[in-house]
Amino acid sequence: MAAFEKADAVIVGAGAAGAVFAAVLARAGKNVVVLEQGPDWQLSDLISSDIWARRLRGSGPAILYEGRHPVGRTADHGWGTGGAALHYSANFPRLLPSDFNMKSEHGRGLDWPISYADVAPYYDRVAREIGVSGDAKAEERWRPPGEPYPMPPLKTFRHGEVWVPGFASVGITVAPGAVGVNSMEYQGRAACIHDGWCGAGCPTGALANPQATYLGEARVKGAEVRPMSYVTRVLTNTQGTRATGVEYFDSKKERQVQEASLVVLAAFASQNPRLLFNSATDKHPNGLANASGLLGKYVMAHAGAGVSAIFDEDLQNYLGSFGYQFVSYDRHSKTSRKTAFGSTFWNTGAAQKPTDVRGIANVRPDLFGKELDEFLKGKARGLARITAICEALPKIENRIELTSEKDEFGFPLVCINHTFDQDAVGLWSAALDEGVEIAKGAGAKEIWPGRGGIAPQHLLGGTIMGTSASNSVVNSYGQTHELVNLYVAGCGIFPTESSANPTFTLNALSLRGAEQLATNWNSIAS
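Here the structure is a predicted model, which is why all the values come from computation and not from measurement.

Reading guide: rules and limits
- Residues numbered from 1 in each chain as written.
- Predicted model: local features only at pLDDT ≥ 70, side-chain atom pairs only at ≥ 80, totals over all residues.
- Heavy atoms only, no water.
- Helix = DSSP H or I, 4+ residues; strand = E, 2+ residues; numbered from the N terminus.
- Rg over C-alpha atoms; globule rule 2.2 N^0.38 Å.
- Buried < 20%, exposed > 50% of the residue type's maximum accessible area, 1.4 Å probe, protein only.
- Phe/Tyr/Trp six-rings, centres within 6.5 Å; stacked < 30°, edge-to-face > 60°.
- Lys NZ or Arg CZ within 6 Å of the ring centre and 35° of its normal.
- Lys, Arg positive; Asp, Glu negative; His and termini not counted.
- Salt bridge = Lys/Arg side-chain N within 4 Å of Asp/Glu carboxyl O.
- Expected span 1.5 Å × (residues − 1).
- Axes fitted to C-alpha atoms, helices over the stretch in contact; angles between N-to-C directions.
- Parallel < 35°, antiparallel > 145°, perpendicular 65-115°, else oblique.
- Left-handed = near helix turned anticlockwise from the far one by under 90°.
- Contact = heavy atoms within 4.5 Å.
- Nonpolar A, V, L, I, M, F, W, Y, C, P; charged D, E, K, R; others polar.
- Polar contact = N/O pair within 3.5 Å; in protein donor to acceptor, adjacent residues only side chain to side chain.
- Pairing = 2+ DSSP bridges.
- Core = buried A, V, L, I, M, F, W, Y, C linked by side-chain atoms within 4.5 Å.

**Q** Explain the overall build of the protein chain residue by residue, including any values.
**A** The helix and strand tally for the protein chain stands at 13 helices and 17 strands. Whereas a compact globule of 526 residues would reach a radius of gyration of roughly 24 Å, the protein chain reaches 22 Å, a difference of no more than 12%. Seen along its three principal axes, the alpha-carbon backbone of the protein chain occupies a region of about 70 × 50 × 50 Å. Taking all 526 residues of the protein chain together, the buried fraction comes to 60%.

**Q** Quick rundown of the packing of aromatic side chains? Include the residues and the values.
**A** In total, this model carries 18 aromatic pairs according to the counting rule given. Centroid distance Phe-92 to Phe-504: 5.0 Å. Interplanar angle 10°. Geometry classified as stacked. Taken together, the residues Phe-92 in the loop between strand E3 (63–66) and helix H3 (102–106) and Phe-504 in helix H12 (residues 503–519) connect sequence positions 412 residues apart. On the basis of an interplanar angle of 85° and a centroid distance of 5.3 Å, the ring pair of Trp-163 and Phe-311 is categorised as edge-to-face. Taken together, the residues span a long stretch of sequence, with Trp-163 in the loop between helix H6 (158–161) and helix H7 (164–169) and Phe-311 in the loop between strand E9 (300–310) and strand E10 (326–328) at a distance of 148 residues. Sitting over the face of the ring of Phe-375, Arg-364 holds its NZ or CZ atom 6.0 Å from the ring centroid.

**Q** Go over the side chain of Glu-497, please, and point to the residues and values.
**A** Position of Glu-497 relative to the elements: it lies in the loop between strand E17 (486–488) and H12. Nearest to the buried, unbridged Glu-497 among oppositely charged side chains is Lys-334, at 9.0 Å.

**Q** Tell me about H12, and please be specific about residues and values.
**A** With 17 residues, H12 should cover 24 Å at 1.5 Å per step; its first-to-last C-alpha distance of 24 Å lies within 8% of that length. For H12, a buried count of 14 out of 17 residues is recorded, marking the element as mostly surrounded by other parts of the structure.

**Q** Can you explain the packing of helix H1 (residues 16–27) against H12? Please cite residues and give values.
**A** The geometry of H1 relative to H12 is characterised by a closest axis approach of 9 Å and an angle of 30° between their N-to-C directions. Here H1 is positioned roughly parallel relative to H12, judged by the angle of their axes. Where H1 crosses over H12, the handedness of that crossing is right-handed. Note on element contacts: H12 touches H1 through Leu-506, Asn-507, Ser-510, Leu-511, Gly-513, Ala-514, Glu-515, Leu-517 and Ala-518, opposite Ala-16, Ala-17, Val-20, Phe-21, Val-24, Leu-25 and Arg-27. Counted by class, the contact of H1 with H12 contains eleven nonpolar, three polar and two charged residues.

**Q** So what about the side chain of Asn-417? Which residues, and what values?
**A** Here Asn-417 shows up in strand E14 (residues 412–417). By relative accessible area, which is 13% here, Asn-417 ends up buried. Side chain to side chain, Asn-417 and Glu-66 meet in a polar contact 3.3 Å long. Setting aside anything within four residues of it in sequence, one finds Asn-417 in contact with Glu-66, Gly-67, Glu-397, Asn-398 and Arg-399.

**Q** Before we move on, can you summarise the sheet that holds E3 with the specific residues and values?
**A** Strands sit in the order E3-E14-E13 across an open sheet of three strands; the sheet is mixed. Each of the sheet's edge strands pairs with one partner strand only, and the pair in question is E3 and strand E13 (399–406). For this sheet, the mean inter-axis angle between neighbouring strands, taken without regard to orientation, is 35°. Against the sheet, helix H9 (residues 271–278) engages E3, E13 and E14, with an angle of about 60° to E13.

**Q** How would you explain the pattern of salt bridges if you had to name every residue and give the values?
**A** With the rule as written, the count across this model stands at 31 salt bridges. In this structure, Arg-125 and Glu-129 form a salt bridge, with 3.1 Å as the shortest nitrogen-oxygen distance. Taken together, the residues Arg-125 and Glu-129, both in helix H4 (residues 116–131) and four residues apart, mark about one turn of the helix. When its relative accessible area of 22% is taken as the criterion, Glu-129 is described as partly exposed. Notably, a salt bridge pairs Arg-128 with Glu-147, separated by 2.6 Å at the nearest N-O pair. One end of the pair, Arg-128, is in helix H4; the other, Glu-147, is in the loop between helix H5 (136–139) and H6, and 19 residues separate them in sequence. Residue classification places Glu-147 among the partly exposed positions, given a relative accessible area of 34%. It is possible to trace a salt-bridge network through shared partners that takes in Arg-27, Arg-125, Glu-129, Glu-217, Lys-221 and Glu-515.

**Q** So what's going on with the nonpolar core? Residues and values would help.
**A** The biggest cluster of nonpolar side chains holds 103 residues, and the ones touching the most others in it are Leu-262 and Leu-486. The element that contributes the greatest number of residues to this core is H1, accounting for nine residues. The contact partners of Leu-262, leaving out residues within four places of it in the chain, are Asp-8, Ala-9, Val-10, Asn-485, Tyr-487, Leu-517, Trp-521, Ile-524 and Ala-525. Of all hydrophobic cores here, the second largest spans 39 residues; its members include Ala-303, Leu-427, Ile-438 and Leu-459.

**Q** Which residues make up H4, and what values go with them?
**A** What sets the pattern is the α-helix's 3.6 residues per turn: residues three or four places apart point alike. The end-to-end C-alpha distance of H4 is 21 Å, a good match for the 22 Å that 16 residues give at a rise of 1.5 Å each. The complete set of buried residues in H4 reads Tyr-116, Val-119, Ala-120, Tyr-122, Tyr-123, Asp-124, Val-126, Ala-127, Ile-130 and Gly-131.

**Q** Please give an account of the packing of H4 against H12 that cites residues and values.
**A** With their axes 8 Å apart at the nearest point, H4 and H12 run at an angle of 100° to one another. Relative to H12, the element H4 lies roughly perpendicular. Contacts between H4 and H12 involve Asp-118, Val-119, Tyr-122, Tyr-123, Arg-125, Val-126, Ala-127, Glu-129 and Ile-130 from the former and Phe-504, Thr-505, Asn-507, Ala-508, Leu-509, Leu-511, Arg-512 and Glu-515 from the latter. Looking at the contact of H4 with H12, its residues break down into ten nonpolar, two polar and five charged.

**Q** Now, about unusual backbone geometry: what can you tell me, with residues and values included?
**A** The phi angle at Tyr-298 is positive, at roughly 60°, despite the residue not being glycine. Structurally, Tyr-298 can be placed in the loop between H9 and E9. Looking at Tyr-298, the relative accessible area reads 15%, which means it is buried. One non-glycine residue, Ser-498, lies in positive phi territory at about 55°. Within the secondary structure, Ser-498 sits in the loop between E17 and H12. What makes Ser-498 buried here is its relative accessible area of 1%.

**Q** So what about the environment of Leu-56? Which residues, and what values?
**A** Take Leu-56: it is sitting in the loop between helix H2 (50–53) and E3. Given a relative accessible area of 0%, Leu-56 falls into the buried group. With 47 residues separating them along the chain, Leu-56 and Ala-9 place their C-alpha atoms 26 Å apart. Residue contacts for Leu-56: discarding those within four places in its chain leaves Trp-41, Leu-46, His-77, Gly-78, Trp-79, Leu-86, His-87, Ala-200 and Gly-201.

Written out as structure tokens, the structure is:
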């Protein structure tokens, strides 16, 4: 075992949340070590290919799945530095005020221990620090006013524009989508070239992935990133009152220990609970930060509803970014659907590529061989899509728990048990029905609503925030209630999910938590 110098902070995970914590603590002059289980990707490594890009996605320890709607390894997972944010769509919608008080307002779901007003300044900060393109004024029909985005909206293309009349035909107003993609040169990073390959990473730096933003800044300021480091446990003192570091296995599969004054768990939402469960001691027999018994509980995923259509023109659907062009919160009200409770977020205009999760080939899963080849050659140029992200409520039975199966080092794996309730299914079905009407209003020649099954998107919850150790795992800053120098970062701390892509809120909460930590360092980490 190597002898490492004790760090001020050790951060587990070099994705979006870990990168924010690393940058803020490095700004404060702290000695930061970031442990990443995957390889250390550089922007120069990235190749614009669906096949090559698969190596950026889910890997690492196996995950077991149960329930009627399993949340499998999709493009939402990441492998290596940057995590899923290395190859994400960079869609940056925000939560709205009503998302923070659902329980108080409607008697459903959970309340957040903070309000929109607490998070709003950090949305604006993140937009400035990493670069967001959009039209804040246009969004103010749905949300409180804030700072303008630092860049104008991205250029739009026909495969997004063609849907606008269709939305209008059902009474839906759209606005330019806010995305973490440069519409112009920003802070030394190039403008987007609109080739649509964000899903394979962005070698130019136009995409606001961690390498080009917070993680890159952290490294410049002295943070060490240690790749191929598989963390297995958080270590604690004999009294069980403080974290003292982490145990991990290196690229040679040798056990190592990194001591630190503070520990931040910023791994994927399925792995933070696993680490806390596997760190159980006689003082914390059910896992760290689990006095409430809610560790691993209230796991959520969005119900994605997609409608594809063929139009009688070449839409050049391969152009643009992997993010959306137009969005609408018009169906955000929790009671906007007569038959189901929860929010729906419409968006359209993501660039299309041949294969993989959002691939053109997946529009017609009923076709194979010659028929699929004919479809791709004959109709793919006229293809466009719209997507509705539908909210699912937090349910305690949707959970992450340890299994009897173990990894190669003898530590239990986790199982994610997830089933959408009738409200989520109802929102999904209503969105598909509405999507068909939108396609008709847009003049589509052929329409395919994705009724083959609900596609769970974005894993959230499992380490939810709340007001005390009796009702949650962490407080609103991500600080665990039971161990003052142990933090959890990422969308696992969301107590509800809204219908918005989570990364913008994840970044805002991480910035808020990291700055609270840096400001109160002496009372927390000393």
